[in-house]
Amino acid sequence: MSFYLPDTVNCNGEEFRVLLSEEVLRKRIAELGKQIDEDYKDKKPILIGVLNGAFIFLADLMRCISIPCEVDFYKLSSYGDEKVSSGNVEQRKDIDANIEGRHIILVEDIVDTGLSINYIMNIVEKKNPKSVKVVSLLCKPESIKYHVKVDYIGFEIPPKFVLGYGLDYAQEGRNLAQLYVLKEND
Ligand code: PRP
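As the structure is a computational prediction, the values presented were derived from the model and not from experiment.

So, about the overall build of the protein. Along the protein, the regular secondary structure elements total three helices and 10 strands. Each helix and strand of the protein, ordered N terminal to C terminal, gives the series β-β-α-β-α-β-β-β-α-β-β-β-β. A principal-axis box enclosing the C-alpha atoms of the protein has dimensions of 45 × 35 × 25 Å. The buried share among the 186 residues of the protein stands at 47%. Across the protein, the fraction of contacts at a sequence separation of at least 24, relative to all contacts at a separation of at least 6, is 67%. Just so you have it, the protein exposes about 9,500 Å², and 48% of that area is on carbon and sulfur atoms. Where the 24 positive side-chain charges of the protein centre and where its 30 negative ones centre are 4 Å apart.

The buried fraction of strand β6 (residues 103-111) amounts to nine of the nine residues, a majority that puts the element mostly inside the structure. The sheet contact formed by strand β3 (residues 46-51) and β6 spans four bridges and is parallel. The residue of β6 that forms the bridge with G49 is V107. With eight bridges connecting them, β6 and strand β7 (residues 131-139) associate as parallel partners. The residue bridging H103 from the neighbouring strand is S131, located in β7. Handedness of the crossover is the feature at issue here: the chain leaves β6, passes through helix α3 (residues 115-125), returns alongside β7, and the resulting connection is right-handed.

This next bit is on the site of the ligand. As a structural note, the neighbourhood of the ligand is formed by 19 residues, with S78, D109, T113, G114 and S116 the closest of them. One of the side-chain N or O atoms of T113 is found 2.5 Å from an oxygen atom in the ligand. Here G114 contributes a backbone N or O atom positioned 2.8 Å from an oxygen atom of the ligand. For the ligand, whose accessible area on its own is 490 Å², the fraction buried by protein is 95%. With four residues, the single largest contributor to the shell around the ligand is β6.

Here we take up the pattern of salt bridges. Counting across every chain of the model gives 12 salt bridges. Here D94 ties to K127 by a salt bridge, and the two come within 3.3 Å at their closest N and O atoms. Here D94, found in the loop between β5 (90-93) and β6, pairs with K127, found in the loop between α3 and β7; they are 33 residues apart in sequence, far enough to count as distant. Here the residues in one salt-bridge network are K44, E70 and R102, joined through shared partners.

With that settled, consider the packing of helix α1 (residues 22-39) against helix α2 (residues 55-62). Two elements in contact, α1 and α2, have axes whose closest approach is 9 Å; the angle formed by their N-to-C orientations is 60°. As judged from the angle between their axes, α1 and α2 are oblique. The two elements α1 and α2 cross, and the hand of that crossing is right-handed. When α1 is examined against α2, the residues I29, L32, G33 and I36 are found in contact with a partner set consisting of F57, D60 and L61. Split by residue class, the contact of α1 with α2 holds five nonpolar, one polar and one charged.

What counts, and at which threshold
Residues numbered from 1 in each chain as written. Predicted model: local features only at pLDDT ≥ 70, side-chain atom pairs only at ≥ 80, totals over all residues. Heavy atoms only, no water. Helix = DSSP H or I, 4+ residues; strand = E, 2+ residues; numbered from the N terminus. Buried < 20%, exposed > 50% of the residue type's maximum accessible area, 1.4 Å probe, protein only. Contact = heavy atoms within 4.5 Å. Areas by Shrake-Rupley, 256 points an atom, 1.4 Å probe, with all protein chains shown as cover. Lys, Arg positive; Asp, Glu negative; His and termini not counted. Charge placed at Lys NZ, Arg CZ, Asp CG, Glu CD. Pairing = 2+ DSSP bridges. Right-handed = clockwise from strand over helix to strand, strands pointing away. Near = heavy atom within 4 Å. Polar contact = N/O pair within 3.5 Å; in protein donor to acceptor, adjacent residues only side chain to side chain. Salt bridge = Lys/Arg side-chain N within 4 Å of Asp/Glu carboxyl O. Axes fitted to C-alpha atoms, helices over the stretch in contact; angles between N-to-C directions. Parallel < 35°, antiparallel > 145°, perpendicular 65-115°, else oblique. Left-handed = near helix turned anticlockwise from the far one by under 90°. Nonpolar A, V, L, I, M, F, W, Y, C, P; charged D, E, K, R; others polar.

So this is what it looks like as structure tokens:
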């Protein structure tokens, strides 16, 4: 439990207000874990986190999953230090696991335009996994530009810039325990 949960924060000179509290996040992530437990009974999936943003969500989600499972990571970057996606995505780190014939769960913090998850899905499918599903803590349905199927969604949110719980603004704010939204956009 975190003991520092401010309602508003300043990050890189911009004001943010809380959008999803620590308690709301915790409850929903527990539900997602339970759902994955049921859907992957006897399957031992590999959870593949998309770094950097997904590291906190993945760590909490994995501890809400009680079936045997493994973990690996891709590292991508599309936003740079800006508040909107650059439209370009680069792979900075490949996975180490052999995923052929395995059940894969791609873990994202947020699906915004869908560019990142669409890009990874194309790479993963070429490696012949037995199945691939996507879990994202957040999804912005109004921002989607690329074809993606997100199988497990924590929360649908409006197309506003969000911060905290792994998500950054120019690399800062990932350590905030709650999810915040930019005040300027309210
Ligand atoms: C963010 C986020 C997702 C992606 C979502 O990553 O973590 O991976 O953008 O946006 P999209 O659906 O428009 O592709 P970012 O590129 O900012 O890197 P980071 O995870 O290191 O913050």
